[in-house]
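A closer look at the structure
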Amino acid sequence: MTTSLTSSRLFTDLTWEESIKMAVKIAAAGMMRDYIGNQPGQIPGRFVEPYYWWECRAAWGVYILYLQRVLSLMVNQ
């Protein structure tokens, strides 16, 4: 993960649903910007260097939870 991503802050109003959704969208987009595993010839799960394996694991864990939430919201609408 890049330092800019790990040191960024998102200010969110936890009482306003749209603010939470926007913060999550920004965080997911930032994470995927640093992901290179979907490019031809790259290793799945790999991020741009410097990164540590536990950062990748944490990123994917949170991203999977994000996708589960988004998909469940789409199904329930």
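Before any of the text, the structure's been laid out above.
Since the structure is predicted, the reported quantities are computational estimates derived from the model, not experimental observations. (Residues numbered from 1 in each chain as written. Predicted model: local features only at pLDDT ≥ 70, side-chain atom pairs only at ≥ 80, totals over all residues. Heavy atoms only, no water.)

1. Notes on the overall build of the chain
Short version of the rule: Secondary structure follows DSSP: runs of H or I at least 4 residues long count as helices, runs of E at least 2 residues long count as strands, and numbering of each begins at the N terminus. Per-residue accessibility, obtained with a 1.4 Å probe over protein chains only, is compared with the maximum for each type, and a residue is labelled buried under 20%, exposed over 50%, and partly exposed between these values. Contact criterion: two residues are considered in contact whenever any of their non-hydrogen atoms come within 4.5 Å of each other.
Along the backbone of the chain there are three helices and zero strands. Written out in order from the N terminus, the α and β elements of the chain read α-α-α. Every one of the 77 residues in the chain was classed for burial, and the buried ones make up 19%. Partitioning the intrachain contacts of the chain with sequence separation of at least 6 by distance along the chain shows that 45% fall at a separation of at least 24.

2. Some thoughts on unusual backbone geometry
The omega angle of the peptide bond from Glu49 to Pro50 is 5°, so this bond is cis rather than trans. Take Pro50: it is sitting in the loop between helix H2 (17-33) and helix H3 (53-76).

3. Quick look at a nonpolar patch on the surface
What counts, and what does not: What makes a patch is a set of residues exposed beyond 30% relative accessible area and free of salt bridges, joined within 9 Å when like-charged and within 5 Å when nonpolar (Val, Leu, Ile, Met, Phe, Trp, Tyr). Reported accessibility uses the Shrake-Rupley method at a 1.4 Å probe radius. Residues are deemed covered only where the shown protein chains occlude them. We define a salt bridge as a contact between a side-chain nitrogen of Lys or Arg and a carboxyl oxygen of Asp or Glu at a distance within 4 Å.
Together, Leu10, Met22 and Ile26 give the surface a local cluster of nonpolar side chains, amounting to about 280 Å² of exposed area. Examined against the element boundaries, Leu10 turns out to sit in the loop between helix H1 (3-6) and H2.

4. Regarding the packing of aromatic side chains
Quick reminder of the rule: Two rings from Phe, Tyr or Trp (for Trp, the six-membered ring) form a pair when their centres sit within 6.5 Å of each other. Planes less than 30 degrees apart are called stacked, planes more than 60 degrees apart edge-to-face, and all others tilted.
As enumerated under the stated definition, the model contains seven aromatic pairs in all. For the pair Trp60 and Tyr63, a centre-to-centre distance of 5.5 Å together with 80° between the ring planes defines the contact as edge-to-face. In this pair, Trp60 and Tyr63 both sit in helix H3, three residues apart, roughly one turn of the helix. Relative accessible area serves as the criterion here: at 24%, Trp60 is assigned to the partly exposed category. Taken together, the ring pairs in this structure connect Tyr35, Phe47, Trp60, Tyr63 and Tyr66 into an aromatic cluster.

5. Some thoughts on the nonpolar core
The condition is simple: In this text, buried Ala, Val, Leu, Ile, Met, Phe, Trp, Tyr and Cys residues form a nonpolar core when linked through side-chain atoms within 4.5 Å.
Counting seven residues, the largest nonpolar core is built from Ala28, Met31, Tyr35, Phe47, Cys56, Ala59 and Tyr63. If you list the elements that add at least two residues to this core, you get H2 and H3. For this core, the leading source of residues is H3, giving three residues. In contact with Ala28, other than residues within four places in its own chain, are Tyr63 and Tyr66.

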